[in-house]
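Analysis of the macromolecular model
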Amino acid sequence: PTQQSYESVLDQVTDRDAFSDPSSPQSSSFELDHVLMVLYFTTAGVRWKFAEEEWVESSLKECDWEFVTCTGDEVTHVEIEDAFVEGVIPDEMVALTGLKSLSMRKNRLTGTLPRVVFELTSLEKLDLSDNTFISTIPNDIGNLINLKFLDVSLNGITGTLPSSLGKLVDLTNLSAELNRLQGSFLDFLVQLSNLEVINLARNDLTGSFPSGIGALSQLSDLDISTNDLRGTIPTQFGQLSSLRRLVVYANRLNGTLPTHLGNLNNLETLDLHLNRLTGNLTDLFDNLSLLSRIRLDQNLFTGTIPQSLGDCEKLTTLNIHDNRLEGTVPTLFGNLKGLKFIDLSDNKLEGTIPTELGSLPFLYSFGAYSNNFVPPEPKEVCALNLSHYQTDCDDIDCSCCTRCF
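Let me begin by describing the structure that accompanies this report.

On to the overall build of the protein, then. Looking only at helices and strands, one finds 5 helices and 27 strands in the protein. A compact globule built from 405 residues should have a C-alpha radius of gyration of about 22 Å, whereas the protein, at 27 Å, is more than 25% larger. In terms of overall dimensions, the protein has C-alpha extents of about 85 × 45 × 30 Å along its principal axes. Taken across its 405 residues, the protein has 50% of its residues classed as buried. Sequence-distant contacts, at least 24 apart, represent 46% of the contacts inside the protein between residues at least 6 apart. When the accessible surface of the protein is summed, it comes to about 17400 Å², and 44% of that surface belongs to carbon and sulfur atoms. Here the protein contributes 28 positive and 55 negative side-chain charges, whose respective centroids are spaced 5 Å apart.

The structure is reproduced here in structure tokens:
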């Protein structure tokens, strides 16, 4: 078929409801390749990457076209990613009743989230991230009872998360980062016991963590950073034994860290910076040997730096600046051979900077200013030729510092 013939077909297709009527001509004779060509023309297919020859000029069957996967003669996957797709997803897509995966991420789709998407009840994956949708998430999303993966990040999604999401009991990934979602972190999410990833970062969510969050035993990645959550981190977090990444920075969380966080022995990233957390860090890291990234800066922590941090041998980043920590820097930091970044500045630390830091072969940045350190200058640290070394030069004559305070 030629481009002209498909444009003619497109002109004739105006009634989406005809597809659900078995007696209609469209239902009986409108081929899948025609449906896909409607998608092609309504989303500026002539400007897509890669598809021109296969979708318009080729004699290949639709199941052999770029971005399309079939099982038998049934289209199961349409995955057109980062391909300059623009416009809207057409209602005619409702004819693809066996569609399991629709991924249109990183394109230029506009308007509201298309209603046809929420009628594709066989969908297991829906990825519309990184487009320019301006819309709420409709209650109809509850129709997608087979859905396992949902990503609408990097759009202009507004409103609240609909309670109908609670029907998606097979959901493993919920991502809606960088939108304008409002409302509280809803209790119904804890009913989705198969969730492995929750990413709701950079929205306008309020409220506090639900106490039942410990029921999410499969959860491995939780990112709710840059919202307006308040309250404390509940002790039930200690039940999230699969958690590898806990990122809740830039909220208004307060209170002390529950000791139960020390049970998360699979944790690799702990990022709680820019909150109002208090208390000491004693014993928190005793069992967290897999940690590679720790950010606890810009809080109100007190006490001393735990010696147990010296056992976190996979650690690459340690940032605890702008707290109220006292005491000395553990010499056991010299065991952290993978450490690249340390920031201890803006605390009440004292004593000398340990010479053991000079044995860290990958260290490139060390912040130590606004403390009470005393001479001598650690020549072993200077020998590392750090890209960034910041300290109080009024107290320590630091010839190798890149910036003095």
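So, about the sheet that holds strand 25 (residues 372-373). The strand order across the open sheet built from 3 strands is 21-23-25, with neighbouring strands paired in parallel fashion. Across the chains shown, the open sheet's two edge strands, defined by having one partner strand only, are strand 21 (326-327) and strand 25. The pairing of strand 21 with strand 23 (residues 348-351) spans 2 bridges and is classified as parallel. Looking at the pairing, Glu-326 lines up with Lys-348 of strand 23.

Quick look at the side chain of Asp-151 now. Relative to the elements of secondary structure, Asp-151 occurs in strand 8 (residues 149-151). One buried charged residue, Asp-151, forms no salt bridge at all, with the nearest opposite charge on Arg-105 at 7.3 Å. Not counting residues within four places of it along the chain, the set of residues in contact with Asp-151 comprises Leu-126, Asp-127, Leu-128, Ser-129 and Ser-175.

We now examine the pattern of salt bridges. Throughout the structure, instances matching the rule amount to 11 salt bridges. When salt bridges that share partners are traced, they join Asp-221, Asp-223 and Arg-245 into one network.

As summarised here, the arrangement of the 4 strands in space is 13-15-17-19, forming an open sheet in which the pairing is parallel. Two strands in the sheet have a free side with no partner beyond their single neighbour: strand 13 (230-231) and strand 19 (300-301). Note: strand 15 (residues 252-256) against strand 17 (residues 276-279), 3 bridges, orientation parallel. Each bridged residue has a counterpart across the sheet, and for Asn-254 the counterpart in strand 17 is Arg-276.

The next point concerns helix 3 (residues 32-42). In terms of residue burial, helix 3 counts as a mostly covered element, since 8 of its 11 residues are buried. Taken residue by residue, helix 3 has Asp-33, Val-35, Leu-36, Met-37, Val-38, Leu-39, Tyr-40 and Phe-41 as its buried positions. Of the residues trailing helix 3, Ala-44 is marked for its positive phi of about 55°.

Bringing the pairing of strand 26 (residues 388-391) into the picture now. Burial along strand 26 is one-sided: Tyr-389 and Thr-391 are buried, while His-388 and Gln-390, pointing the other way, are not. Pairing of strand 24 (residues 365-367) with strand 26, which is carried by 3 bridges, proceeds in the parallel orientation. Residue pairing in the sheet places Phe-366 in a bridge with Tyr-389 of strand 26. For strand 26 and strand 27 (residues 403-404), the ladder comprises 2 bridges, and the chain directions are parallel. Within the sheet, the bridge partner assigned to Gln-390 lies in strand 27 and is Arg-403.

In this section: the nonpolar core. Counting residues in hydrophobic clusters, the biggest one holds 115 residues, and the most contacted among them are Trp-55, Ile-80, Leu-102, Leu-126, Leu-246, Phe-285 and Phe-366. Looking at this core element by element, the count peaks at 6 residues for helix 3. Setting aside anything within four residues of it in sequence, one finds Leu-126 in contact with Leu-102, Val-117, Phe-118, Leu-144, Leu-147, Phe-149, Leu-150 and Asp-151.

Looking at the element boundaries, Ala-383 is found in the loop between helix 5 (379-382) and strand 26. Each C-alpha atom, one on Ala-383 and one on Asp-33, is 66 Å from the other, the two residues being 350 residues apart in sequence.

Further remarks concern unusual backbone geometry. Apart from glycine, the bulk of residues carry a negative phi angle, and the bulk of peptide bonds sit in the trans form. Cis geometry marks the peptide bond from Pro-375 to Pro-376; its omega dihedral reads 10°. With respect to the helices and strands, Pro-376 occurs in the loop between strand 25 and helix 5. Positive phi outside glycine occurs at Leu-154, with the angle close to 55°. The topology assignment puts Leu-154 in the loop between strand 8 and strand 9 (156-158). We note that Arg-202 has phi near 55°; this positive angle belongs to a residue other than glycine. With respect to the helices, strands and loops of the structure, Arg-202 is situated in the loop between strand 11 (197-199) and strand 12 (221-223).

Take a negative patch on the surface next. On the surface, a cluster of negative charge is contributed by Asp-283, Asp-286, Asp-311 and Glu-313. Note that Asp-286 resides in the loop between strand 17 and strand 18 (293-295). On the basis of relative accessibility, which here comes to 45%, the residue Asp-286 falls in the partly exposed class.

Next up on the list: the environment of Ile-224. Within the secondary structure layout, Ile-224 lies in the loop between strand 12 and strand 13. Ile-224 sits in the buried class, given a relative accessible area of 0%. Setting aside residues no more than four positions away along its own chain, Ile-224 makes contact with Phe-185, Leu-200, Ala-201, Leu-205, Phe-209, Leu-229, Val-247, Val-248 and Asn-251.

We now examine the environment of Leu-267. As for its placement among the helices and strands, Leu-267 is situated in the loop between strand 15 and strand 16 (269-271). Taking C-alpha positions, Leu-267 is 6.2 Å from Leu-290, a pair spaced 23 residues apart along the chain. Those residues in contact with Leu-267 that lie beyond four places of it in its chain are Leu-243, Arg-244, Arg-245, Leu-246, Leu-290 and Leu-291.

What counts, and at which threshold
Residues numbered from 1 in each chain as written. Predicted model: local features only at pLDDT ≥ 70, side-chain atom pairs only at ≥ 80, totals over all residues. Heavy atoms only, no water. Helix = DSSP H or I, 4+ residues; strand = E, 2+ residues; numbered from the N terminus. Rg over C-alpha atoms; globule rule 2.2 N^0.38 Å. Buried < 20%, exposed > 50% of the residue type's maximum accessible area, 1.4 Å probe, protein only. Contact = heavy atoms within 4.5 Å. Areas by Shrake-Rupley, 256 points an atom, 1.4 Å probe, with all protein chains shown as cover. Lys, Arg positive; Asp, Glu negative; His and termini not counted. Charge placed at Lys NZ, Arg CZ, Asp CG, Glu CD. Pairing = 2+ DSSP bridges. Salt bridge = Lys/Arg side-chain N within 4 Å of Asp/Glu carboxyl O. Core = buried A, V, L, I, M, F, W, Y, C linked by side-chain atoms within 4.5 Å. Patch = residues over 30% accessible without salt bridge, like charges linked within 9 Å, V, L, I, M, F, W, Y side chains within 5 Å.

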